[in-house]
Every structure is written in structure tokens, then in C-alpha cells.
Amino acid sequence: MIELAQVSKSYGGKTKAVDNMTLTVRAGEIFGFLGPNGAGKTTTIKMMTGIAKPDAGTIRIDGRDISAEPIEAKKRFGYVPDSPDLFLRLKGLEYLNFMGDMYEVPKDLRKERIERFSVRFDMANALSDAIMSYSHGMRQKIVIMGALLHDPAVWILDEPLTGLDPKSS
């Protein structure tokens, strides 16, 4: 569950990106933000993930306050940013193991999930290659795999389908 209560965020003290937003997304629901550039969609996602701090209000992820309990809240979601250009020097498998370490996924379970995801996303032959050699779509897939590796209760996706082929999306 995602809960935002009276959340606001301004930039430069003048530009209101998010103004007194209240929203509840219950378990099992899928919710998407639609709107023009500058409407506050990415700002809201950045606040939900703890990347940006709200000026006012409360954000809870699966019952945990992102400001008061940031580590516990972050363990409960998988995040796919709008750009997959992270950790480019790592090999795909190194990145997935790093994510597994971060989220304390046991090695046997991690191995099973990596194998399953690599087949599902048609990435099995690319895991030993550096992420910088991947196409945009392949980078997007490896980031999605990393976000799902710990089987999070909540998925937070910022334009996750950009660059994916129809089979993967």
C-alpha cells in the first residue's frame, strides 16, 4: 500500500511541483500518473522513494513512513527509475547480485529468481556482459529485474516501458 497525506513540494521556494496531495493506492491496485511535463509526476515518485523530501505531509510505503523509517520503507518497494543508465561498469550478473546483497535476498533464492527473470526477460546470454554494452531496452530490463529481485510488496515504476520491446512489456 502507498499512502500520501497532504504532501507538498516546492522548488526554489516559489514553484509548487506538488500541492497538498492525498492519495491511497491499496495492495493489488495499479495506479498511474498521467499529465504534462512539469505536472509533478516524477517529483511525487522521488518523494515516495525517499530521493526527494516533501516540504509537508506524510508518505507511507507498506505502512512505513519514508521520512521516519527510510530503510524499512525502502525494503518494501522495488523502484525502476525513468533512466536505466546506472551502474554501467558492472556486468548484468554483478548488478543483480549487488541488488540481492542490498535487499538481503538469500543466495539460493537469488539464484533461482535471477535464472527465472533472465529467461523471462530474454537476458540469460547477456548477464556476463557489462551493462554499458547493453541497448537501452536491455538496460531497462536489467533494472526491472533488480527491482523485482527481493519480491517487494510495492512496485514504483517511473516510465518503466520506455525502450522495451513488445515481448518484454
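Description of the structure in this document. Starting afresh in each chain, residues are numbered from 1 along the sequence in its written order. Thresholds applied to this predicted model are a pLDDT of at least 70 for local features of residues and 80 or more for the giving and counting of side-chain atom pairs; totals over whole chains, interfaces and linings are not thresholded and use all residues. The side-chain values count all of the structure's non-hydrogen atoms but skip hydrogen atoms and water molecules.

## Some thoughts on the sheet that holds strand β1 (residues 2-11)
Argument step 1. The criterion for strand pairing is that DSSP finds at least two bridges linking the strands in question. Strands are runs of DSSP state E lasting at least two residues, helices are runs of H or I lasting at least four, and both sets are numbered from the N terminus onward. Across the sheet, four strands lie side by side as β2-β1-β3-β4; this open sheet has antiparallel pairing. Since the sheet does not close on itself, it has two edges, and those belong to β2 (15-25) and β4 (64-65), each with one partner.
Argument step 2. A contact between two residues is defined here by any heavy atoms of the two lying within 4.5 Å. Each axis is a line fitted through C-alpha atoms, taken for helices only over the stretch in contact, and angles between the N-to-C directions span 0 to 180 degrees. Helix-sheet contacts for helix α1 (residues 41-48) involve β1, β2 and β3 (56-61), and the interaxial angle to β1 is about 120°.

## Some details on helix α3 (residues 92-102)
Argument step 1. Relative accessibility decides the category of a residue: with a 1.4 Å probe and only protein chains considered, values under 20% of the type maximum give buried, values over 50% give exposed, and everything between is partly exposed. When α3 is considered as a whole, its buried residues turn out to be Gly92, Tyr95, Leu96, Met99 and Gly100. End-on, the buried residues of α3 take up no more than an arc of 140°, which puts them together on one face.
Argument step 2. The positive-phi residue at the C-terminal boundary of α3 is Glu104, with phi of around 55°. In this context, the arc is that of the directions from the helix axis out to the C-beta atoms.

## Some words on the side chain of Thr49
Argument step 1. By secondary structure assignment, the location of Thr49 is in the loop between α1 and β3.
Argument step 2. By relative accessible area, Thr49 is classed as buried at 4%.
Argument step 3. Polar contact criterion, stated in full: a pair of N or O atoms within 3.5 Å, where within protein one must be able to donate a hydrogen and the other to accept it, and residues adjacent in sequence count only if both atoms are side-chain atoms. Polar contacts involving the side chain of Thr49 include one to the main-chain carbonyl oxygen of Lys46, which spans 3.1 Å.
Argument step 4. Not counting chain neighbours up to four residues away, the residues in contact with Thr49 comprise Ile66, Lys74, Phe77, Tyr79 and Ile156.

## Structural notes on α1
Argument step 1. For α1, the full list of buried residues reads Thr43, Thr44, Ile45, Met47 and Met48.
Argument step 2. Contacts made by the buried residues of α1 are with β1, β2, β3, β5 (77-80) and β6 (154-157).

## Focus on the pairing of β1
Argument step 1. Of the strand pairs in this sheet, β1 and β2 are connected by seven bridges, and their pairing is antiparallel. Along β2, the bridge assignment pairs Tyr11 with Thr15.
Argument step 2. Remark: three residues form the turn of the hairpin made by β1 and β2, two consecutive strands paired antiparallel; Gly12 in that turn has positive phi of roughly 65°.
Argument step 3. Taken together, the five bridges between β1 and β3 define a ladder with antiparallel strand orientation. Looking at β3, one finds that Ser8 is bridged to Ala56.

## Points about the packing of α3 against helix α5 (residues 136-148)
Argument step 1. At a closest axis distance of 9 Å, the pairing of α3 and α5 adopts a crossing angle of 25°. Judged on the interaxial angle alone, α5 and α3 are roughly parallel. Like other packed secondary-structure pairs, α3 and α5 cross with a definite hand, here right-handed. Across from Gly92, Tyr95, Leu96 and Met99 in α3, the residues of α5 making contact are Ile142, Val143, Met145 and Gly146.
Argument step 2. In this count, Pro and Cys sit with the nonpolar residues alongside Ala, Val, Leu, Ile, Met, Phe, Trp and Tyr, while Asp, Glu, Lys and Arg are called charged and the others, Gly among them, polar. Across the contact of α3 with α5, the residue classes break down as six nonpolar, two polar and no charged. Oblique is the label for any angle not covered by the other classes, which are roughly parallel (under 35 degrees), roughly antiparallel (over 145) and roughly perpendicular (65 to 115). Handedness of a crossing is defined here by the sense of rotation of the near helix relative to the far one, left-handed for an anticlockwise turn of less than a right angle and right-handed for a clockwise turn.

## Some words on the packing of α3 against helix α4 (residues 107-120)
The description of two helices packed together rests on the angle between their axes and the distance between the axes.
Argument step 1. For the pair α3 and α4, the least separation of the axes is 11 Å and the interaxial angle reads 135°. Judged on the interaxial angle alone, α4 and α3 are oblique. For the element pair α3 and α4, the recorded crossing hand is right-handed. Taken together, the residues of α4 that come into contact with α3 (itself represented by Leu93, Leu96, Asn97, Gly100 and Asp101) are Lys107, Arg110 and Ile114.
Argument step 2. Classifying every residue of the contact of α3 with α4 gives three nonpolar, two polar and three charged.

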